[in-house]
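Descriptive structure summary
Residues per chain are reported as follows:
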Number of protein chains: 2
Amino acid sequence: MGQQTKILLEESEMPTKWYNVIADLPEPPPPPLHPGTHQPAAADDLAPLFPAALIEQEMTAERYINIPEEVLEVYRLWRPSPLFRAHRLEKLLDTPARIYYKYEGVSPAGSHKPNTAVPQVWYNSQEGVRKLTTETGAGQWGSSLAFACAQFGIECEIWQGAASYASKPYRKTMMQIWGGEVHPSPSTRTEFGRKLLAEDPDHPGSLGIAISEAVVEAVEDPSVRYALGSVLNHVLLHQTIIGEEALLQLAKVGETPDILVGCTGGGSNFGGLSFPFLREKLAGNMSPIIRCVEPAACPTLTKGEYRYDFGDTAGLTPLMKMHTLGHRFIPEPIHAGGLRYHGMAPLVSHIYELGLVEATSVLQTQCFEAAIQFARSEGIVPAPEPTHAIAATIDEAKKCKESGEEKVILTALCGHGHLDLPAYEKFLSGEIKDLDLAEESITESMKSVPVLAE
Amino acid sequence: MGQQTKILLEESEMPTKWYNVIADLPEPPPPPLHPGTHQPAAADDLAPLFPAALIEQEMTAERYINIPEEVLEVYRLWRPSPLFRAHRLEKLLDTPARIYYKYEGVSPAGSHKPNTAVPQVWYNSQEGVRKLTTETGAGQWGSSLAFACAQFGIECEIWQGAASYASKPYRKTMMQIWGGEVHPSPSTRTEFGRKLLAEDPDHPGSLGIAISEAVVEAVEDPSVRYALGSVLNHVLLHQTIIGEEALLQLAKVGETPDILVGCTGGGSNFGGLSFPFLREKLAGNMSPIIRCVEPAACPTLTKGEYRYDFGDTAGLTPLMKMHTLGHRFIPEPIHAGGLRYHGMAPLVSHIYELGLVEATSVLQTQCFEAAIQFARSEGIVPAPEPTHAIAATIDEAKKCKESGEEKVILTALCGHGHLDLPAYEKFLSGEIKDLDLAEESITESMKSVPVLAE
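Right, let's walk through the structure included here. (Residues numbered from 1 in each chain as written. Chains lettered and ligands numbered in written order. Predicted model: local features only at pLDDT ≥ 70, side-chain atom pairs only at ≥ 80, totals over all residues. Heavy atoms only, no water.)

The helix and strand inventory of chain A stands at 18 helices and 15 strands. Its C-alpha atoms give chain A principal-axis dimensions of roughly 60 × 50 × 50 Å. Working note: accessible area of chain A is about 16,000 Å², and carbon and sulfur atoms make up 51% of it. (Helix = DSSP H or I, 4+ residues; strand = E, 2+ residues; numbered from the N terminus. Areas by Shrake-Rupley, 256 points an atom, 1.4 Å probe, with all protein chains shown as cover.)

Right, dumping it as C-alpha cells:
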C-alpha cells in the first residue's frame, strides 16, 4: 500500500482524562477578581452561572480530571478524531517539511466546540439544571451547545446578534434541528433587550448584548444556568482531549513536532491542542516551538496589554488577567468570527507571559489564499478561523523548502467551512481587502480597562 | 470502556478492487441501444463522451477491477469511511434491532459522489483529456467532480440549472474553491443555450438542458470529455467500495445484516452499498432482505415501467432498459434533489426485475421527521436523500420493537445536510406538505417513451 494519510485511534485508545496544565506551570495564573470588590472571586460568586462541578474544574490545580463515561459515550460519535499527514499539500509546496493536522470538523457541529459543550451539559444535567442559556456569534458555539443539550434532554436557549441571526440562517436552522430555541438579540425576552428595542427596533445587536441577555435569563431562574464556549479554564481543560489524542497519534508514526501552530480567538482550540505538548516540553520529552496565530485585525497577544479586564463588552463579568485590546474594542468585521474577541484566555495569556509560547499574526487575504491551496490539495474546505493556522503552517513549510530542513509541523484544523462559503465567495470575487489596523482604536479602547489599586 | 460506536478500518485494510455484480447475475442486463438504429450501442458510439478505460468498465463482465494506486491515494483522504452502530437512535426508539449506518459524508464534498468522480477524472487524465464537463442539479455531483479535477490538474466546467445556480449559492462556491468553472444553464457558451436565452432571457433551466450543454461542449472538442455521476454501470462499479468496506466492518463485530436499506435516485449509492452483499447472498453466505427506498414523489421502481427509455429529458442519450416514469416526467420539487430522476440505473432495474431486491417508497415529511430523530440522537444532520433510507430504517426498527426481533439493519448515510439546511428550515416551520402523486402525469410522460420494434 502507499503512504499513510490518516492516523487513527480506536475508541478503546481514546484518552479518558483531561489535562490541567496549571499543575505543571512554574507559577499559577492570577485569579479572577470580583468586579465590585476587586478581591479574588470565590466559588459562590460564580454559582448563579455555573454548576458546582464546573466551578471546581475552573479552580482546581489537579493535574488530571476523569472524563465521565456518559461524556465519553457521546464523544465516541466522532472521537477519536483523525490526525492527517498532509502529503498532498506538502507535494504542492514542494517542501521537505512533514505536515500533520488534527481535524476537529468531524464532530456533528463541525468544530472542536462540542468537546466542551458535551461535558458542560452533562455536569449541568447532574445538578438538576433544566435549561442552559448562551450567546452565539456566527453560530458555531450555539449549535454545539444545542447538539449537546439534545444528547442529555436539557433545554437550550440561544441569543444570537440580530444581524448574524438574519444573515446566517443556516446555523440558526442547525440549532433548531437539535431542538435549540434561538432568539435574535436584542430580544423581547429580557428587560435589557426590550429597552434596546424600544430605542431602536432595528438594533443589529452584538455579542456583548447577547451575553448580557443570556446571563440575565440564567441568573433570574435557579433551574437555569449559563454556558460559555471559550476563554475559561474549564473550557480549555475539556479541549485538551485534542492534544492528548494527537500525542498518541504522532507516537504511532514515531514523530515528535518541531513546531506546533494553532489559531487563537478565545484560546480554547489552541490550548486544547498545545497544553499536552507543553507538558511534554516542560518534562523534557520533546522541544517543540509552540506558536499562537491570531488575525492582524484582532491582535490580542501581539498588540494587546496584559491587564485585568472584563470578559464582556458591558463589563458584567469578573475581571480576568489577560492580554486585552480593551473590552470595548470592536475589530473589523473579518470572516473568522470566532477570532474576533478582545481578550485572550487568561491561561493562554499567562503561559505567553511566562515565555512558554510565541505569537504571530496574519492578514485575512493571506488566510484565504492558504485555504484555497489547502482545499485544492487536501480536499477539506476549512472554516475561516483555522485558515490562520494553515497560513502560518504554509509559511513555515516554505521556510523549510528554502533551508532544506525536514521539520515536523503540527497544526489543528478546528472546523470545516461548509457554513462559511459566502466568505469564500467574497474572497474569490475579489471583494475581501485587508485594512490597516487602526492603532488608535486600540488606544481608545484601552481607556475602558479598569485601573486597579496596587 | 463502553459500547463501540464506530467500526473503523485501517487504510491498509481498504479494499483494492471494485466489484462488478454483472459477473454473478443469472443473466446479463440488456444492452444499451443506439438511439437512431435501436441496435446495441458499440464502444465507438460512446467514445466522444468517455475515455476508453471507462467504456471498457461499462461493458465488462469481469468480476473484479483493480483500483489504481493513484485513486487509492486520493481515497485515503477520507476512506475507509466509518461504519456506525446507532446506539443512541436504538435507545430513542427503544428497539431490540441493531442498526448500523455506513457514513459517506466524511468525503471532502460531503457525499458518496467522489468515490466515482476520482477514478473518472484519473482515467480521463491518463488518456490526455484536458477538461471534463458535466451538469449538476443541487450541486453534489458538480462539487465532487470539481474536487476530483483539482486532484489531478484537469479543468472542470459545470452547467447548473439557472434556478439552482441562483438559489443554491453555497454549492456553487464550493465548486469554485476547487477550481471549477460554473455556468448557469441555459448559458451563452453553447448554441443551444443561446437559442433558449434568446427566447427567454430569464429561462430557469433544467437538468436536461444542462446535460445537453455539457454534452455538446464535450463532443465538439476532442480534448474534452463528459462525466456522469450516477446511472451507468461504471459509476455503480466505483461505488461498490462502500459495500466492500461495510462487509469487512460488520465482520469485525461478527454481524451479518438481516435487512439492508438504501435510498435510490439514479441508483449509485444503493448499488454501491448493496452489490457486495448481493454477491454474498447469491453465494449463500448470508440472506439479507435488500430494499430500495425511493421518494413517493418519484416512484421509479414502485410505479414505473421496465422499458427502453432515454437517460435525458431531451432524448439524446442511448436508450437504456430501465424502470422509468418516462423521460419527460418532471417530479414535484421535493428537497431530495438527488432522487428526482425519471429513471433507475439499468443494473438496479435489472436486479429488481430478477427479484433479487425489493422496493418501497416514503413521503417527504416522514423523511424529515426521521431525520430530526436521527440528528437529535446520532448528531449528524443527514442530506435529504438518505433521510429516505433513515425513515425506512426507523420503520423496520419499530417493527422489531413490536415483534421483539433483534434484527440487524444496515443502511447507508450517503451524505450530510450542511448545504441543505434551508430545506430543514422549511420543514421546521411547517412549510413542507406532501402532495398526492399525479398518476396522470406518469401516464402522460410514458407516452414519450419510444416504442421499439419487436
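Turning to the relation of the copies chain B and chain A, a few remarks are in order. Here chain B sits on chain A after a turn of 180 degrees about the axis and a move of 0.0 Å along it, with an RMSD of 0.0 Å. One copy is carried onto the other by what is essentially a two-fold rotation axis. In terms of C-alpha distance to the rotation axis, chain B has His418(B) as its closest residue, with the C-alpha 3.2 Å off the axis. (Least-squares fit on C-alpha atoms with pLDDT ≥ 70 in both.)

According to the stated counting rule, one finds 56 salt bridges over all chains in the structure shown. In this structure, Glu255(B) engages Arg98(B) in a salt bridge whose closest nitrogen and oxygen atoms are separated by 2.6 Å. Highlighted residues: Glu255(B) in the loop between helix 11 (233-252) and strand 10 (259-263) and Arg98(B) in strand 5 (residues 98-103), separated in sequence by 157 residues. Exposure remark for Glu255(B): the relative accessible area of 12% places this residue in the buried category. Under the relative-accessibility criterion, Arg98(B) is labelled partly exposed at 22%. Here Glu199(B) ties to Lys195(B) by a salt bridge, and the two come within 3.6 Å at their closest N and O atoms. With Glu199(B) and Lys195(B) both in helix 9 (residues 191-199), this residue pair falls four residues apart, about one helical turn. With a relative accessible area of 49%, Lys195(B) lands in the partly exposed category. Within the structure, one salt-bridge network assembled from shared partners comprises Arg291(A), Glu358(A), Glu396(A), Lys399(A) and Lys407(A). (Salt bridge = Lys/Arg side-chain N within 4 Å of Asp/Glu carboxyl O. Buried < 20%, exposed > 50% of the residue type's maximum accessible area, 1.4 Å probe, protein only.)

On to the side chain of Ser445(A), then. Tracing the sequence through the fold places Ser445(A) in helix 18 (residues 439-446). Reaching out from Ser445(A), the side chain makes a polar contact with the backbone oxygen of Gly326(A) at a distance of 3.1 Å. (Polar contact = N/O pair within 3.5 Å; in protein donor to acceptor, adjacent residues only side chain to side chain.)

Turning next to the sheet that holds strand 15 (residues 408-413) of chain A. Note: strands within a sheet are paired through backbone hydrogen bonds, in either parallel or antiparallel orientation. Residue and element names in this part refer to chain A. Pairing is mixed in the open sheet, where seven strands are placed in the order 1-4-5-15-10-11-14. The open sheet has two free edges, formed respectively by strand 1 (6-7) and strand 14 (358-362), since each of these has just one partner strand. Bridge count for strand 4 (residues 83-85) against strand 5 (residues 98-103) is three bridges, and the pairing is antiparallel. Paired with Phe84 across the bridge in strand 5 is Tyr101. Along the sheet, helix 16 (residues 387-403) makes contact with strand 5, strand 10 (259-263), strand 11 (289-295), strand 14 and strand 15, crossing strand 15 at roughly 165 degrees. (Pairing = 2+ DSSP bridges. Contact = heavy atoms within 4.5 Å. Axes fitted to C-alpha atoms, helices over the stretch in contact; angles between N-to-C directions.)

Residues and elements named next belong to chain B. Relative orientation of the contacting elements helix 5 (residues 114-126) and helix 11 amounts to 125 degrees, with a least axis distance of 8 Å. Regarding the angle of helix 5 to helix 11, the classification is oblique. The chirality of how helix 5 crosses helix 11 is right-handed. Taken together, the residues of helix 11 that come into contact with helix 5 (itself represented by Asn115, Thr116, Pro119, Gln120 and Tyr123) are His234, Val235, His238, Gln239, Ile241 and Ile242. Classifying every residue of the contact of helix 5 with helix 11 gives five nonpolar, six polar and no charged. (Parallel < 35°, antiparallel > 145°, perpendicular 65-115°, else oblique. Left-handed = near helix turned anticlockwise from the far one by under 90°. Nonpolar A, V, L, I, M, F, W, Y, C, P; charged D, E, K, R; others polar.)

Moving on, we come to the sheet that holds strand 6 (residues 131-136) of chain A. All names here are of chain A. With parallel pairing, the four strands of this open sheet are ordered in space as 8-7-6-9. Whereas interior strands pair on both sides, the edge strands pair on one side only; in this sheet they are strand 8 (181-185) and strand 9 (224-226). Taken over all neighbouring pairs, the strand axes of this sheet differ in orientation by 25 degrees on average, direction set aside.

With that out of the way, let us pick up the interface of chain B and chain A. A common way to report how large an interface is uses the accessible area buried once the components associate. The interface is formed by 50 residues belonging to chain B together with 50 residues belonging to chain A. Surface buried jointly by chain B and chain A totals about 4,600 Å² across both partners, of which 56% is contributed by carbon and sulfur atoms. When residues of chain B are sorted by the area they lose upon contact with chain A, Arg88(B), Tyr170(B) and Ile177(B) head the list and together hold 17% of the total. Where chain B meets chain A, there are four salt bridges. Across the pair Glu11(B) and Lys6(A) runs a salt bridge whose closest N-O atoms are separated by 3.0 Å. (Buried area = accessible area lost by both parts, 1.4 Å probe.)

What follows is about the pairing of strand 6 of chain A. Residues and elements named next belong to chain A. Burial analysis of strand 6 places six of its six residues in the buried class, the great majority of the element. In this structure, strand 6 lies alongside strand 7 (residues 155-161), joined through six bridges in parallel fashion. Bridge pairing in strand 7 places Glu135 opposite Trp159. Viewed along the sheet, the connection from strand 6 through helix 6 (residues 140-152) into strand 7 turns out right-handed. (Right-handed = clockwise from strand over helix to strand, strands pointing away.)

Residue and element names in this part refer to chain A. With 15 residues, helix 15 (residues 364-378) ought to run about 21 Å at 1.5 Å a step, and its terminal C-alpha atoms sit 20 Å apart, in line with that. Among the 15 residues of helix 15, 11 are classified as buried, and the element is accordingly described as predominantly covered. Looking at the residues trailing helix 15, positive phi occurs at Gly379, about 95 degrees. (Expected span 1.5 Å × (residues − 1).)

What follows deals with the environment of Trp78(B). Residues and elements named next belong to chain B. Within the secondary structure layout, Trp78 lies in the loop between helix 3 (69-75) and strand 4 (83-85). With a relative accessible area of 4%, Trp78 lands in the buried category. Residues Trp78 and Glu11 lie 67 residues apart in sequence; the distance between their C-alpha atoms is 9.6 Å.

With that out of the way, let us pick up unusual backbone geometry. Note that the residue after Arg79(B), namely Pro80(B), is joined by a cis bond; omega there is -10 degrees. Turning to its location among the elements, Pro80(B) is positioned in the loop between helix 3 and strand 4. Cis peptide bonds are those with omega within 30 degrees of zero, and the linkage from Ser185(B) to Pro186(B) qualifies with 5 degrees. Along the chain, the position of Pro186(B) falls in the loop between strand 8 (181-185) and helix 9. Not every positive phi belongs to a glycine, and His38(A) is a case in point at roughly 65 degrees. In this fold, His38(A) is placed in the loop between strand 2 (17-19) and helix 1 (43-46). Owing to a relative accessible area of 30%, His38(A) belongs among the partly exposed residues under this scheme. Positive phi, normally seen in glycine, also occurs at Val231(A), with a value near 70 degrees. Inspection of the secondary structure assignment puts Val231(A) in the loop between strand 9 and helix 11 (233-252).

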